[in-house]
Amino acid sequence: MKLKRGQSYALDLGASLVLFIILLGLFELYWAQTVDQENPVEQLRIEANRISQQLVEQGGIPFDWNASTVSYLGLSVERLVIDSGKLETLVFLNSNYSDLKNLLDVRYEFLLTLNYSNSTVVNTVNGPAIVGSWPAFDSLAVSQQTQTLYEGNRTILYVVAWR
């Protein structure tokens, strides 16, 4: 059976569209990987912002978590209000940095501190509110600051993501 002239063009057009869509999809994958590799500062900024938001806007899972029950870290009793018990436990959990990184689902290294508005570090029963690992001198680092309340005082949560 002989194809009519219009049917032949429709098959060519369909094959061309399929090939074009496949090539477009491959180009998009390549472009996304290139952008990720070329902009490490943006990656670190996103990571620092995500950690900060997680800690100050959520209470964690379960909400009344402790060192043995926590599955998802959050420090808030309400948005931007940090619970003193959770902060004390977070400082305690700092003794195992790799487990802490897993709980926060962090890809890079991080450091967080909670400071009063006069820049002094908040002290807890378990020590100063400094959690994570200090950036190396020659590392690439991005900082995120979030104003919070801790025990009725204005505080600033500093989160540094670095690599």
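Our structure is the block above this text.
So, here's what we can say about the structure. (Residues numbered from 1 in each chain as written. Predicted model: local features only at pLDDT ≥ 70, side-chain atom pairs only at ≥ 80, totals over all residues. Heavy atoms only, no water.)

**Thoughts on a nonpolar patch on the surface**
For clarity, the cut-off: The patches reported here contain residues having more than 30% relative accessible area and no salt bridge. Joining distances are 9 Å for like charges and 5 Å for nonpolar side chains (Val, Leu, Ile, Met, Phe, Trp, Tyr). Areas reported here follow the Shrake-Rupley algorithm with a probe of radius 1.4 Å; residue values treat only the protein chains shown as occluding. Salt bridges are counted wherever a side-chain nitrogen of Lys or Arg sits within 4 Å of a carboxyl oxygen of Asp or Glu. Note on conventions: DSSP H or I runs of at least 4 residues are helices, E runs of at least 2 residues are strands, and numbering of each starts at the N terminus. Think of it in three bands: residues with accessible area under 20% of the maximum for their type are buried, residues over 50% are exposed, and the middle band is partly exposed, with areas taken using a 1.4 Å probe on protein chains only.
Together, Val18, Leu19, Ile22, Leu23, Leu26 and Leu29 give the surface a local cluster of nonpolar side chains, amounting to about 590 Å² of exposed area. Relative to the helices and strands, Ile22 is located in helix H1 (residues 5–38). The exposure class assigned to Ile22 is partly exposed, which follows from its relative accessible area of 48%.

**What about the packing of aromatic side chains?**
Keep this limit in mind: Aromatic rings from Phe, Tyr and Trp, with only the six-membered ring used for Trp, were paired whenever their centres fell within 6.5 Å, and each pair was classed as stacked if the ring planes differed by under 30 degrees, edge-to-face if by over 60, and tilted otherwise. Criterion for a charge above a ring: Arg CZ or Lys NZ at most 6 Å from the ring centre, at most 35 degrees from the ring normal.
Inspection of every chain in the model, using the stated rule, returns one aromatic pair. Taking 5.4 Å as the distance between ring centres and 25° as the angle between the ring planes, the aromatic pair formed by Tyr97 and Phe110 counts as stacked. Here Phe110 lies in strand S3 (residues 109–116) and Tyr97 lies in helix H4 (residues 97–104), a separation of 13 residues in the sequence. With relative accessibility at 0%, the residue Phe110 sits in the buried group. Positioned over the ring face of Phe63 is Lys86, at 3.9 Å from the centre of the ring.

**Notes on the side chain of Asn115**
Worth spelling out the cut-off: Here a polar contact is recorded for every N or O atom pair within 3.5 Å, except that within protein the pair must consist of a potential hydrogen donor and a potential acceptor, and residues adjacent in sequence are included only if both atoms are side-chain atoms. Contact criterion: two residues are considered in contact whenever any of their non-hydrogen atoms come within 4.5 Å of each other.
With respect to the secondary-structure elements, Asn115 resides in strand S3. One polar contact links the side chain of Asn115 to the main-chain carbonyl oxygen of Ser119, over a distance of 3.2 Å. Those residues in contact with Asn115, other than ones at most four positions away along the chain, are Thr120, Val121, Val122, Thr155, Ile156 and Tyr158.

**Observations concerning the nonpolar core**
Keep this limit in mind: We call a set of buried residues a nonpolar core when its members are Ala, Val, Leu, Ile, Met, Phe, Trp, Tyr or Cys and they connect through side-chain atoms within 4.5 Å of each other.
Leu55, Leu73, Leu87, Phe110, Leu112 and Leu114 are the most contacted members of the largest nonpolar core, which has 30 residues in total. Breaking this core down by element, the ones donating at least two residues are helix H2 (40–57), helix H3 (84–93), H4, S3, strand S7 (141–150) and strand S8 (153–162). Counting residues per element, this core draws most heavily on H2, which supplies five residues. Ignoring sequence-local partners within four residues, the contact set of Leu73 consists of Gln54, Leu55, Gly60, Trp65, Leu90, Leu93, Leu100, Leu103 and Leu104.

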